[in-house]
Amino acid sequence: MPALLLFMALGMVFGSDGIFKISFDDYQITERICLVALVFIIFYGGFGTKWEIARPVAAKSLALSTMGTLFTALLTCGFCHYILHIDFAESFLLGAVISSTDAASVFSILRSQNLDLKYGSASLLELESGSNDPIAYMLTMIGLALLKGEKISVPLTLFTQVVVGIIVGILAAILGCLVIEKMNVLSEGFDTIFVIAVVLMSYAGAELLHGNGFLSVYLTGILMGNRKLKNKVSLVHFFDALTGMAQMALFFLLGLLAFPHKILPVLPVALAIVVFLTFVVRPVVVTLLLKPFRCSVKQCMLISCAGLRGAASIVFAIMAMSSGAKMEHDLYHIVFFISLFSVLIQGSFLAFVAKKLDMIE
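These numbers were taken from a predicted model, which means no experiment stands behind them.

**Student:** Describe in detail the nonpolar core, supporting the description with residues and values.
**Tutor:** Ranked by size, the top nonpolar core spans 110 residues in total, and within it Phe 214, Met 224, Leu 250 and Tyr 332 carry the most contacts. Beyond its immediate chain neighbours, meaning those up to four positions away, Tyr 332 contacts Tyr 27, Leu 254, Leu 257, Ala 258, Ile 314, Ala 317, Ile 318 and Met 321. Counting residues in hydrophobic clusters, the runner-up holds eight residues, among them Cys 77, Phe 92, Ala 96 and Ile 142.

Below you can see the structure in the form of structure tokens.
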């Protein structure tokens, strides 16, 4: 079982329905803390990506993280609206929130179980999960605008988010690398603090200019992680520990915010969505997008099984809840159950499925 689930369970034990009965239902504070944690998790996902290894699978990952995320959101929206009879705007928001695979869960499972997969599948999964959160975030913002009845130009919004996010991410990485490599003003230890500042500047700069902060941070991480920086070993150790603690804190807070007694009323809807998402949407989308790259059936099956929903989806659900938008269904607990089911079932059996499909390198 993925270790991160233990921290989620620990949060539920401390929560209102648990043993210690701590009353906590502040979505706004949780959103802010989880947002910071997610920023550093996404940055380190890019920072730890070796471009030489990722380059052969970059096109496949890009297809899954862009068109795959969009198709997942639209198919889930259609299922919720036409089969479960949920309002269209709410269905779109629900599809958007759970459209991305979770970087924290994928990184944790692949690295903790030392899964070295054939055909660069591990790099493909890491690159996909690290780069699809920006698309899911943009779709979530569009869904919230639809739910609130706000007028929004979808093409302009997507264009601004992507272009500004890319520009700010590249500029932040160039500035950060320039200071670390060319200027002798940072001794060992202080360069770590400086990189933290670069990460925050990358995210905040993109957000202030109405760009996508997650995309900016991920690009900054990739560009800085593939340069020969001074004291890079100490940077890797520090951010490895930092993101580990961020993941623990994030999952603990998500468990603390959950009310198990509220899961039962939404269980039929949540179970229907997660079954459709896991056994229909993910396999269809993966096969549709990877077959043109001549990927084998076994690889498509493995990538389909590794489409974990987790912390990122729950954080986006928290954003929706704290926005004040009126919804008929309890979005947080629906997404919470979907993520719990995905990480527990798919995450626990990923290594077993990889062995059965003979996909272990």
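**Student:** Can you explain the packing of helix H5 (residues 88–97) against helix H8 (residues 133–148)? Please cite residues and give values.
**Tutor:** Relative orientation of the contacting elements H5 and H8 amounts to 165 degrees, with a least axis distance of 8 Å. As the angle between them shows, H5 and H8 are arranged roughly antiparallel. The element H5 and its partner H8 pack so that their crossing is left-handed. Contacts from Ala 89, Glu 90, Phe 92, Leu 93, Ala 96 and Val 97 in H5 reach Ala 136, Leu 139, Thr 140, Ile 142, Gly 143, Leu 144, Leu 146 and Leu 147 in H8. Residues that form the contact of H5 with H8 fall into these classes: 11 nonpolar, two polar and one charged.

**Student:** Please provide a residue-by-residue account of empty space enclosed by the protein, values included.
**Tutor:** Applying the stated criterion across every chain yields a total of two cavities of 30 Å³ or more. If you add up the space inside the largest cavity, you get close to 40 Å³. As for the largest cavity, its lining consists of Leu 64, Gly 68, Thr 69, Thr 72, Ser 99, Thr 101, Glu 128, Asn 132, Arg 282 and Val 285. Those elements that place two or more of their residues in the lining of the largest cavity are helix H4 (58–83) and helix H13 (260–290). Classifying every residue of the lining of the largest cavity gives two nonpolar, six polar and two charged. Among the elements of the structure, H5 and helix H16 (331–356) are those that each provide at least two residues to the lining of the second largest cavity. Here the lining of the second largest cavity is built from residues that sort into four nonpolar, one polar and one charged.

**Student:** Any details on helix H9 (residues 154–182)? Residues and values, ideally.
**Tutor:** If you check H9, its first and last C-alpha atoms are 41 Å apart, about what 29 residues at 1.5 Å a residue would give, namely 42 Å. Looking only at H9, the buried set comprises Gln 161, Val 164, Gly 165, Val 168, Gly 169, Ala 172, Ala 173, Gly 176, Cys 177, Val 179 and Ile 180. In this structure, the buried side of H9 is in contact with H8, helix H10 (190–208) and helix H11 (213–225).

Criteria and thresholds
Along every chain, residues carry numbers that run from 1 in the direction the sequence is written. Residue-level local features of this predicted model are given only where pLDDT is at least 70; pairs of side-chain atoms are given and counted only at 80 or more, and the full residue set underlies all totals for whole chains, interfaces and linings. Remark: hydrogens and water are excluded; side-chain values derive from all non-hydrogen atoms of the structure. We define the nonpolar core as a collection of buried residues of types Ala, Val, Leu, Ile, Met, Phe, Trp, Tyr and Cys that are connected through side-chain atoms lying within 4.5 Å of one another. Summary of the burial criterion: residues with accessible area below 20% of their type's maximum are buried, those above 50% are exposed, and those between are partly exposed, where the area comes from a 1.4 Å probe applied to protein chains only. Here, residues are in contact when the closest pair of their heavy atoms is within 4.5 Å. Note on method: axes are straight lines fitted to C-alpha atoms, helices fitted across the in-contact stretch only, with angles between N-to-C directions ranging 0 to 180 degrees. Secondary structure is summarised from DSSP: a helix means a run of H or I of at least four residues, a strand means a run of E of at least two, and numbering begins at the N terminus for each. Should an angle fall under 35 degrees it is called roughly parallel, over 145 degrees roughly antiparallel, and 65 to 115 degrees roughly perpendicular, with every other angle called oblique. A clockwise turn of the near helix away from the far one marks a right-handed crossing, whereas an anticlockwise turn of less than a right angle marks a left-handed crossing. Three classes are used: nonpolar for Ala, Val, Leu, Ile, Met, Phe, Trp, Tyr, Cys and Pro, charged for Asp, Glu, Lys and Arg, and polar for all others, with Gly counted as polar. Note on definitions: the grid is 1 Å and covers protein atoms alone; a cavity is a set of points where a 1.4 Å probe fits but cannot get out; a pocket is an open set with protein on both sides within 12 Å along at least five of seven lines; lining residues have an atom within 4 Å of a point. Grid points are joined across faces, edges and corners, and a volume is the space filled by probe spheres set on the points. Take the residue count of a helix, subtract one, and multiply by 1.5 Å to get its expected span.

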